[in-house]
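Spelled out, the chains give:
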Amino acid sequence: MIKGDTVHLRPFGLEDLDFLLRWNNDPEYSGMFEPLEPVSQEELEEWLPREKPGQLWYIIGSLDGEKVGQIVGRYQDDGSVQIGYRIIPSARGRSYCTEAARTLVTHLFASGVEWIVAEVNPRNTPSIRVLEKLGFKKIEYKERPVEINGIWLDGVVYELRGG
Ligand SMILES: CC(C)(COP(=O)(O)OP(=O)(O)OC[C@H]1O[C@@H](n2cnc3c(N)ncnc32)[C@H](O)[C@@H]1OP(=O)(O)O)[C@@H](O)C(=O)NCCC(=O)NCCS
């Protein structure tokens, strides 16, 4: 468990099956700029207990124990860690994502990671605000790297360097 000031991050476990089944099949959770990747109970039961080398998967919990979303990281070949996040619709706008990302970033830098990146759609204002509030800087514009419902969307890469 990684403790932040207003949230904690707990690695995915089998106890999160209902939460992940409920929300990862809901297009409102993935939002307009992220593909929905439906998942079945059988897939989750098989995947959740497995080792996930190079991957960080955390449930975001409020201090009163409510599960409010998820934040993930993936170690990449270039030495960076790419992060991504989702908050359930009813908990948005309460700084949970900002605090979860701040907590993960602080933890990663303390563990020796020096370079963190995130890729967002240029129209995803809430996600861009989260990154800007943490000091991420825009480094690259990618034309049409993501397809959602047959529409190709642009992406912007942001980075935060440690030290
Ligand atoms: C992006 C997301 C995770 C943000 O979660 P959140 O907990 O609501 O974020 P926070 O409350 O920490 O901060 C959101 C910021 O965006 C702002 N914001 C929220 N909705 C907004 C809107 N429609 N227009 C402009 N700004 C908006 C908030 O005001 C806040 O900024 P502020 O502190 O400067 O006021 C959430 O919207 C979400 O799950 N979206 C769907 C999935 C997604 O897009 N994930 C990111 C993929 S890169």
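Everything that follows concerns the structure shown earlier in this document.
Presented here is an overview of the structure given in this document. Quick caveat, the model's predicted, so the values are computed rather than measured.

## Quick notes on the overall build of the protein
Here's step 1: Each helix and strand in the protein was counted, giving 5 helices and 8 strands.
Here's step 2: When the helices and strands of the protein are read in sequence order from the N terminus, they spell out β-β-α-α-α-β-β-β-α-β-α-β-β.
Here's step 3: For 163 residues, the compact-globule estimate of 2.2 N^0.38 gives 15 Å, and the protein sits close to it at 15 Å.
Here's step 4: In terms of its C-alpha atoms, the protein occupies a principal-axis envelope of roughly 40 × 40 × 30 Å.
Here's step 5: When burial is assessed residue by residue, the protein has 25% of its 163 residues classed as buried.
Here's step 6: Of the contacts made within the protein by residues no fewer than 6 positions apart, 56% connect residues no fewer than 24 positions apart.

## Quick word on the pairing of strand S2 (residues 7-11)
Here's step 1: Taken together, the 2 bridges between strand S1 (residues 2-3) and S2 define a ladder with antiparallel strand orientation. Its bridge partner lying in S2, lysine 3 is registered against histidine 8.
Here's step 2: The hairpin formed by S1 and S2 contains 3 residues between the paired strands.
Here's step 3: Note that S2 and strand S3 (residues 55-62) share 5 bridges and pair antiparallel. Across the sheet, the residue bridging to arginine 10 is isoleucine 59, located in S3.

## Things to note about the nonpolar core
Here's step 1: Formed by 28 residues in total, the largest nonpolar core has its most connected members in Ile60, Ile71, Ile83, Ala100, Ala101 and Leu104.
Here's step 2: Every element with two or more residues in this core is listed here: S2, S3, strand S4 (67-75), strand S5 (81-87), helix H4 (96-110), strand S6 (115-120), helix H5 (125-133) and strand S8 (151-161).

## Examining the site of the ligand
Here's step 1: Close to the ligand lie 22 residues; Gly31, Arg92, Cys97, Thr98 and Pro126 are nearest.
Here's step 2: At the level of secondary structure, the elements contributing two or more residues to the shell around the ligand comprise S5, H4 and H5.
Here's step 3: Considering each element in turn, the shell around the ligand owes the most residues, 5 residues, to H5.
Here's step 4: Tallied by class, residues from the shell around the ligand come to 8 nonpolar, 9 polar and 5 charged.

## Quick notes on the pairing of S6
Here's step 1: With 2 bridges joining them, S5 and S6 adopt parallel strand pairing. Residue pairing for S6: valine 81 is matched across the bridge by isoleucine 116.
Here's step 2: Handedness of the S5-H4-S6 crossover: right-handed.
Here's step 3: As defined by bridge partners, S6 adjoins S8 across 6 bridges and the pair is classed as antiparallel. Paired with isoleucine 116 across the bridge in S8 is leucine 160.

## Examining unusual backbone geometry
Here's step 1: Residues other than glycine seldom take positive phi values, yet arginine 144 does so here, at roughly 55 degrees.
Here's step 2: Here arginine 144 is to be found in strand S7 (residues 137-148).
Here's step 3: Unusually for a residue other than glycine, asparagine 149 sits at a positive phi of about 50 degrees.
Here's step 4: Positionally, asparagine 149 belongs in the loop between S7 and S8.
Here's step 5: A residue is classified by how many C-beta atoms lie within 10 Å of it, and asparagine 149, with 9 of them, is exposed.

## Notes on H5
Here's step 1: Of all the residues in H5, the buried ones are Ser127, Val130 and Leu131. Along the axis of H5, the buried positions cluster into a sector of 95 degrees, meaning they face one direction only. With respect to the buried face of H5, the exposed residues turned more than 90 degrees away are Thr125 and Arg129.
Here's step 2: Count one or two residues on from H5 and you reach glycine 135, which has phi positive near 95 degrees.

Definitions and limits used
- Residues numbered from 1 in each chain as written.
- Predicted model: local features only at pLDDT ≥ 70, side-chain atom pairs only at ≥ 80, totals over all residues.
- Helix = DSSP H or I, 4+ residues; strand = E, 2+ residues; numbered from the N terminus.
- Rg over C-alpha atoms; globule rule 2.2 N^0.38 Å.
- Buried ≥ 20, exposed ≤ 12 C-beta atoms within 10 Å, placed from the backbone.
- Contact = placed C-beta atoms within 7 Å.
- Pairing = 2+ DSSP bridges.
- Core = buried A, V, L, I, M, F, W, Y, C linked by C-beta atoms within 7 Å.
- Near = placed C-beta within 6 Å.
- Nonpolar A, V, L, I, M, F, W, Y, C, P; charged D, E, K, R; others polar.
- Right-handed = clockwise from strand over helix to strand, strands pointing away.
- Arc of directions from axis to C-beta.

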